[in-house]
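# Remarks on the overall topology
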Amino acid sequence: MNDIVFRIGGEGGEGVISTGELLTRALARADYEIYTFRTYPAEIKGGHANFQVRVSDHLLLSQGDKIDVLLAFNQEAYDRHFKFLKVNGVLLYDSDSFSPPPDTNSCIGYGVPLTKIAVERIGLKFSKNVVALGVLSQLFNIPLERFEGLISEKFKKKGEEVFIKNIQALKAGFDYAVQHVKKTDPYRLEPVTRKRDVVVMTGNEAMALGAVAAGLKVYAGYPITPATDIMEWLARELPKVGGVVVQTEDEIAAIGTVLGASFAGKKAMTATAGPGFSLMTEFLGLATMTEIPCVVIDCQRGGPSTGLPTKTEQGDLNLALYGGHGDSPRVVLALTSVADCFQGIIRALNIAEEYQIPVLVLSDQYLAHRMASVERSNFQSVEVRERLRPTPEQLASYKRYILTETGVSPMAIPGDAGGFYTATGLEHDEAAELSFEPHNHEVMTEKRHRKLRMLEKTSNEIAKVYGLEQPEIAIIGWGSSEGVIREAVERAREEGNSVGALHPKLLKPFPTQRVKDFLKKAKVLIIPEINFTGQFASLLRAHVPFEPIAQLNKCGGLPFTPEEILAKMKEVHQHG
Amino acid sequence: MAEIPLETYKSDVHPVWCPGCGDFGVLSALYKAMHALQLDPTKLVFVSGIGCSGRLPAYVKAYGFHVVHGRTLPVSMGVRLANPELTVVAVGGDGDGFAIGGGHIPHAARRNLDITYIIMDNETYGLTKGQVSPTSQIGHTSGSTPYGNVEAPINPIAFAITYGATFVARAYSGKPKELVDLIVKAVQHEGFAFIDAISPCITFYDTYKMIPQKLASVPATHNVKDKAEAFKLALDTEHLYMGLFYQESRPTFEESVMATVHRAESKGMPKFDDILTAYR
Ligand SMILES: Cc1ncc(C[n+]2csc(CCOP(=O)(O)OP(=O)(O)O)c2C)c(N)n1
Ligand code: SF4
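What counts and what doesn't
- Each chain carries its own residue numbering, running from 1 in the direction its sequence is written.
- Labels follow written order: the first chain is A, the first ligand is 1, and so on.
- Local features in this predicted model are restricted to residues of pLDDT 70 or higher, and side-chain atom pairs are both shown and tallied only at a pLDDT of 80 or more, whereas totals for entire chains, interfaces and linings draw on every residue.
- Side-chain figures throughout are based on the complete set of non-hydrogen atoms in the structure, without hydrogens or water.
- Helix numbers and strand numbers start at the N terminus; a helix is a DSSP run of H or I with at least 4 residues, a strand a run of E with at least 2.
- A radius of gyration in this sense is built from C-alpha atoms; the matching globule rule multiplies 2.2 Å by the number of residues raised to 0.38.
- Contacts were defined at the residue level, with two residues in contact if any of their heavy atoms lie within 4.5 Å.
- All accessible areas in this document rest on Shrake-Rupley with a 1.4 Å probe, and a residue is counted as covered only by the protein chains that are shown.
- Asp and Glu are treated as the negative residues and Lys and Arg as the positive ones, with His and the ends of the chain left uncounted.
- Lys charges are placed at NZ, Arg charges at CZ, Asp charges at CG and Glu charges at CD.
- Classification of residues uses two cut-offs on accessible area relative to the type maximum, computed with a 1.4 Å probe and protein chains only: under 20% is buried, over 50% is exposed, and between them is partly exposed.
- Using a 1 Å grid laid over the protein atoms alone, points where a 1.4 Å probe fits but cannot get out form a cavity; open sets with protein on both sides within 12 Å along at least 5 of 7 lines form a pocket; any residue with an atom within 4 Å of a point counts as lining.
- Grid points are joined across faces, edges and corners, and a volume is the space filled by probe spheres set on the points.
- Under the scheme applied here, ten amino acids are nonpolar (Ala, Val, Leu, Ile, Met, Phe, Trp, Tyr, Cys and Pro), four are charged (Asp, Glu, Lys and Arg), and all others, including Gly, are polar.
- What makes a salt bridge here is a side-chain nitrogen of Lys or Arg within 4 Å of a carboxyl oxygen of Asp or Glu, nothing more.
- Two strands qualify as a pair provided that DSSP identifies no fewer than 2 bridges between them.
- In this description, a line fitted to the C-alpha atoms serves as the axis of each element, helices being fitted only across the stretch in contact, and the angle between N-to-C directions of two axes falls anywhere from 0 to 180 degrees.
- We define proximity as follows: a residue is near a molecule or strand when any one of its heavy atoms falls within 4 Å of that partner.
- N or O atoms closer than or at 3.5 Å make up a polar contact, with two conditions inside protein: a donor-capable atom paired with an acceptor-capable one, and, for residues adjacent in sequence, both atoms drawn from side chains.

This paragraph deals with the overall build of chain A. When you go through chain A residue by residue, the secondary structure sums to 21 helices and 21 strands. In summary, chain A has a C-alpha radius of gyration of 26 Å against a globular reference of 25 Å for 576 residues, a match within 12%. Taking the principal axes of the C-alpha coordinates as reference, chain A spans close to 85 × 60 × 45 Å. The long-range share in chain A, meaning contacts at least 24 apart out of those at least 6 apart in sequence, stands at 72%. In the structure as shown, chain A presents an accessible area of about 21200 Å², 51% of it carried by carbon and sulfur atoms. For chain A, the separation between the mean place of its 64 positive charges and that of its 70 negative charges on side chains is 4 Å.

Printed below as a string of structure tokens:
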């Protein structure tokens, strides 16, 4: 079967990640479906990095469970990852760097003197990565010309000599494998017959692209892992469509700039991680109060505090839902896959504009840096919404916060004749004039919350079900775990279990009705989350009374695997 | 075009300030400056912080954004980036600008953001009823310093020059003519124009008697391009100089940013499909 999980491990800063990316792109260009997972050290040089790519000819929903092929550049890579290698999996290692213990017989080991080939034959130590790609190409039937194409694109810019050396390294690895490695493992990629029109990108890239497609014009941000590459991508691309990117002095300034720009009529957004998101909460209240559209992306990482800057976690849901003072309605949207990063960010910008409300978008490190194949068709249908603007008649006797059925009032922007008003965080009346009257505060608070009620229908509609619509064993997860849960459900369904998973996208407003319907026949509800306490489980309990709930929590900085979800299903099934 | 009358700039909202508050002087000078410049109120945005001073935008018939405490400058930057046609005037107190928002001034200054920033400096926290501020003198007794302030005040003028503000001035609400004149120049200035406008808080720290004693005009012979001389005047301990200390001409942030955008745009709008193809 064409379904192989490769993992590459080695010293951070020595090209482990770029080797993984080359492997991934080569596979994708050969029309395979790919799905990557990476962890990298918080240090710039040194520390351990690893890159995993799963390859297949069918739709991939997760990074997989155990590893089929481990490429270990050093002892540490072996020590860390060997336990995840399947029985009879392949261990490919740099025999100049270390030797696995002699009793390693549960796997098929191929030692290749990667460093020696790189140093003696090529004269470039770092080319050992490319030598390794040549070996992989030969052993697993990955078309060599795909690597050649990529190497030429990547290295030609750096000069003819670097390019030639890398091509030599690739071939040297390939030839070494032909001459010296006696293949005894069963893994071999069969050519894909079905050609598909896919692109390969990360979650962050898909989000940035989606933002441009939705009409983003001002981006302000402050560097923070794992969100920084959104800013860097936009800094390159946004000016080409007339937009601007500014790196502010901190995250408070970033959200302030976003609100200023949106007040003046442009679509604006910022992206950050937990520490920066924490700093933004005061301004989010202002956005709610002044009803100014804005989008804030939180690429979650391990917290609290500086926590695990390069590892994944779903720990900021409470902050997104409740962070801030006062009754402060905002929309919380969780992105679920790389494809959804594109569509989701468009939805976020649309909701922000249409409802004049802050939309907080939750992604995480697992999704931000995940590369996945996405069908080009996913990028085709883009519907862009704009904010409600006053008509000339309305401007003649303008009331910025006029009460309406939807809670949304026409928004004047500077330059509109007659639209004068002062947006203020102090409580105000329909005409935007200060009012601290009890009745007025009640009316205006209700107005601001009414917008959320209008969105409940959407929340119910866009939640997705995988497997049975009304299962006995029900799973509700959120965010980036969608694919993993879906894969686990599919596998459990093959075994004939009554299983289904509901995956909401809008978490606020909560899809209460949809969840209730989904749970009608459920005997147990599993809630998997990458956090310690079960922040989503608490949210669900606040909306839907259901027992028993089996929480599945982990917070080691790593995503779930399908096996872990399946194991929980088995556990509740037995005790059910 | 017909002249815009002064009254056009006044809103119907009555100021909440205590009678005699220095903020009235700043407001009335602003009306006059806008009138003198014949600014189109439709394209005028006042951004304010939190404090007594922060209430100002509501009293002007123009667009206003009364933001959170200390954050007028980032919001002003957003407004200008979204629409460089708009004239932006940011106002706030000394607490708003130098304490909680102190981290933003260096960046607005070094960027040379093309706005006018008026600090209504009363050496105290008015709205919270009289605590010390970053411009209060040592020894000043207040609600939060009942035994006297032990922290040295900052020097707003030296501070602004150091960080690269391209227009640095001091004014006094009790000298309306000079204040109007400085506001006019500040709005005309292309770049970050900073005015430390002394506007006493009659209720919590009445300096109306003290200020005039020290007040002196920046000497007529002063060359505003001379940074070293400007520092000297700013650091003078005997006089509280009033007027324009320093002015320089440097590309504005918005100009530079828009130049980048125009350069990028001139290569032609990228086709969405081509962007996607790069991810093959
Ligand atoms: C984050 C935050 N902290 C504290 C306050 C309370 N507060 C309101 S105004 C103010 C200081 C006002 O002093 P200043 O900025 O000098 O303005 P003035 O009232 O003197 O014009 C403070 C501390 C607030 N609104 N927000
Ligand atoms: S408290 Fe002081 S600053 Fe505030 S309005 Fe009264 S006099 Fe003015």
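Let us now look at the environment of Ala177 of chain A. Residue and element names in this part refer to chain A. Checked against the element boundaries, Ala177 lands in helix H6 (residues 160-180). For Ala177, a relative accessible area of 1% puts it in the buried group. Between the C-alpha atoms of Ala177 and Leu321, which are 144 residues apart in sequence, the distance is 54 Å. Those residues in contact with Ala177, other than ones at most four positions away along the chain, are Val135 and Gln138.

So, on to the layout of surface pockets. Quantified by volume, the largest pocket comes out at close to 1000 Å³. Grouping the amino acids of the lining of the largest pocket by side-chain chemistry returns 14 nonpolar, 8 polar and 15 charged.

Let us now look at unusual backbone geometry. Cis rather than trans, the peptide bond between Thr225 of chain A and Pro226 of chain A has omega equal to 0 degrees. Secondary-structure assignment places Pro226 of chain A in the loop between strand S8 (218-221) and helix H8 (228-237). In the Ramachandran plot, Glu291 of chain A falls in the positive-phi region, its phi being about 60 degrees despite a non-glycine side chain. Within the secondary structure layout, Glu291 of chain A lies in the loop between helix H11 (281-290) and strand S11 (294-300). The class for Glu291 of chain A is buried, based on a relative accessible area of 0%. Even without being a glycine, Lys129 of chain B presents a positive backbone phi close to 70 degrees. Relative to the assigned elements, Lys129 of chain B resides in the loop between strand S4 (116-121) and helix H5 (156-163).

Before going further, it helps to spend a moment on the pattern of salt bridges. Residues and elements named next belong to chain A. Tallying each qualifying case throughout the model produces 43 salt bridges over all chains. For the salt bridge of Glu291 with Lys447, the shortest nitrogen-to-oxygen distance reads 2.8 Å. Pair noted here: Glu291 is in the loop between H11 and S11 and Lys447 is in helix H16 (residues 438-454), with a separation of 156 residues, a long-range link. Both residues of the pair, Glu291 and Lys447, count as buried. Here the salt bridges share partners, and the residues they tie into one network are Asp3, Arg54, Asp65, Glu487, Arg491 and Glu563.

Okay, the sheet that holds strand S10 (residues 268-272) of chain A next. Residues and elements named next belong to chain A. One open sheet holds the 7 strands; their spatial order is S9-S8-S10-S11-S13-S12-S19, and the pairing between them is mixed. The outermost strands of the open sheet, each flanked by one partner alone, are strand S9 (244-247) and strand S19 (506-508). Direction aside, neighbouring strands of the sheet carry axes that sit 20 degrees apart on average. Taken together, the 4 bridges between S10 and S11 define a ladder with parallel strand orientation. The residue bridging Ala271 from the neighbouring strand is Ile297, located in S11.

For the rest of this paragraph, the subject is the site of ligand 1. Taken together, 17 residues sit near ligand 1, with Cys52, Ser53, Gly95, Asp96 and Gly126 of chain B positioned nearest. One finds residues of chains A and B in close proximity to ligand 1. Between Asp96 of chain B and ligand 1, the recorded distance is 2.7 Å, taken from a backbone N or O atom to an oxygen atom. Backbone polar atom of Thr124 of chain B to an oxygen atom of ligand 1: 3.2 Å apart, as the coordinates give it. Compared with its free state, where it exposes 580 Å², ligand 1 has 76% of that area covered by protein.

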